[in-house]
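# Per-entry structural report
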Amino acid sequence: MNAEQIQNFLDEIGDSFHTLKRQVEISVKQVDDEGFFAILDNGYQ
Amino acid sequence: MTKDFLPFWITGTNSIAVIIKHLAGNMISRWTDFLTTDCETPDRYRDQEFILTPSDTRQYLMARWETGWQLVFGAVSSISSINFITTVYIRGEAHSIVRACHRQMTHYAYHVGQIVQLSRYHAGDNWKTLSIPRGQSETFNETLRQKQMKRKNLDNKG
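Positions within a chain are numbered from 1, following the residues in the order the chain's sequence is written. In the order they appear in the text, chains get letters beginning with A and ligands get numbers beginning with 1. With the structure being a predicted model, the display of local features is reserved for residues of pLDDT at least 70 and the display and counting of side-chain atom pairs for 80 or more, all residues being used for whole-chain, interface and lining totals.

### Quick notes on the overall build of chain A
- Each helix and strand counted, chain A has two helices and zero strands in total.
- Counting other C-beta atoms within 10 Å of its own, a residue is labelled buried from 20 upward, exposed at 12 or fewer, and partly exposed in the gap between, with every C-beta atom placed from the backbone. The 45 residues of chain A split such that 13% are buried. Strands here are runs of E lasting at least two residues and helices are runs of H or I lasting at least four, both read from the DSSP assignment and numbered beginning at the N terminus.

### Comments concerning the interface of chain A and chain B
- Listed as interface residues are 27 residues of chain A and, on the opposing side, 34 residues of chain B.
- For the side of chain A that touches chain B, the elements supplying multiple residues, two or more each, are α1 (3-28) and α2 (33-37) of chain A.
- Ranked by residue count, the leading element in the side of chain A that touches chain B is α1(A), at 15 residues.
- Three categories are distinguished: nonpolar for Ala, Val, Leu, Ile, Met, Phe, Trp, Tyr, Cys and Pro, charged for Asp, Glu, Lys and Arg, and polar for the others, with Gly belonging to the last. Among the residues forming the side of chain A that touches chain B, the class breakdown is 17 nonpolar, seven polar and three charged. We call two residues in contact whenever the C-beta atoms placed from their backbones are within 7 Å.

### Quick word on the nonpolar core
- A set of buried Ala, Val, Leu, Ile, Met, Phe, Trp, Tyr and Cys residues, joined to one another through C-beta atoms within 7 Å, is what we call a nonpolar core. Ile16(B), Ile20(B), Leu23(B), Met27(B), Val72(B) and Ile115(B) are the most contacted members of the largest nonpolar core, which has 28 residues in total.
- Of all elements in the fold, only α1 of chain A together with α1 (16-31), α2 (58-78) and α3 (97-123) of chain B reach the threshold of two or more residues within this core.
- The biggest single contributor to this core is α1(B), with eight residues.
- The contact partners of Ile16(B), leaving out residues within four places of it in the chain, are Val28(A), Val31(A), Phe36(A), Ile115(B), Leu118(B) and Ser119(B).

### Looking at the domain arrangement of chain B
- Segmentation into domains, and thus their bounds, comes from an automatic or database assignment. Here the domain parsing of chain B yields domain 1 (3-127) and domain 2 (128-158).
- If you average the C-alpha positions of domain 1 of chain B and of domain 2 of chain B, the two centres end up 33 Å apart.

### Some details on α3(B)
- An ideal rise of 1.5 Å per residue puts 39 Å on 27 residues; α3(B) measures up with 38 Å between its terminal C-alpha atoms.
- Regarding α3(B), the residues found buried are Ile97(B), Ala100(B), Cys101(B), Gln104(B), Tyr108(B), Ile115(B), Val116(B), Leu118(B), Ser119(B) and His122(B).
- On its buried face, α3(B) is in contact with α1 and α2 of chain A together with α1, β1 (88-90) and β2 (93-95) of chain B.
- Positive phi shows up at Gly124(B), right after α3(B), with a value of about 60 degrees. Helix span, as expected, comes to 1.5 Å for every residue beyond the first.

In structure tokens:
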């Protein structure tokens, strides 16, 4: 990869990491503390 | 979906809090001095990331989450064409920088999906989707098409 291709890769990987971070932050804002700490378990093993 | 009807595959899962704690721990380990030291740092206790302690408040966990991401972004921005050929080590296993980034990306995406799914469940009817709402794909596509046409017309005029 040349310098431009490397920079493009880094920009794209950075954007994707930002997207993942944002997806979580938007999601957990919609959850109260009970949900944030809850472990789902209906007794089925 | 009520708790009684949870399918077997969703039961006994980690909480959102635990997944956040695990991801933060992973990021802090993986991206601290990642070009020069093994990305599994000696001070990481991975198993502890799956156990919540009284000090693991929501505020504390989200602060750790932020710390982890700042390390990710800082590390990515420290890469350049000069150090791009550096071999990175994760638990002694050699990685190119591209491979190491992909490894982390897929790992994070896996857990992010879990968090989004759990959040959706806990938010219930108040959930606001992160992408195109169900049944509205065509409307969304049409809106995009119109925006693109508008932009194209403006470009042609310019």
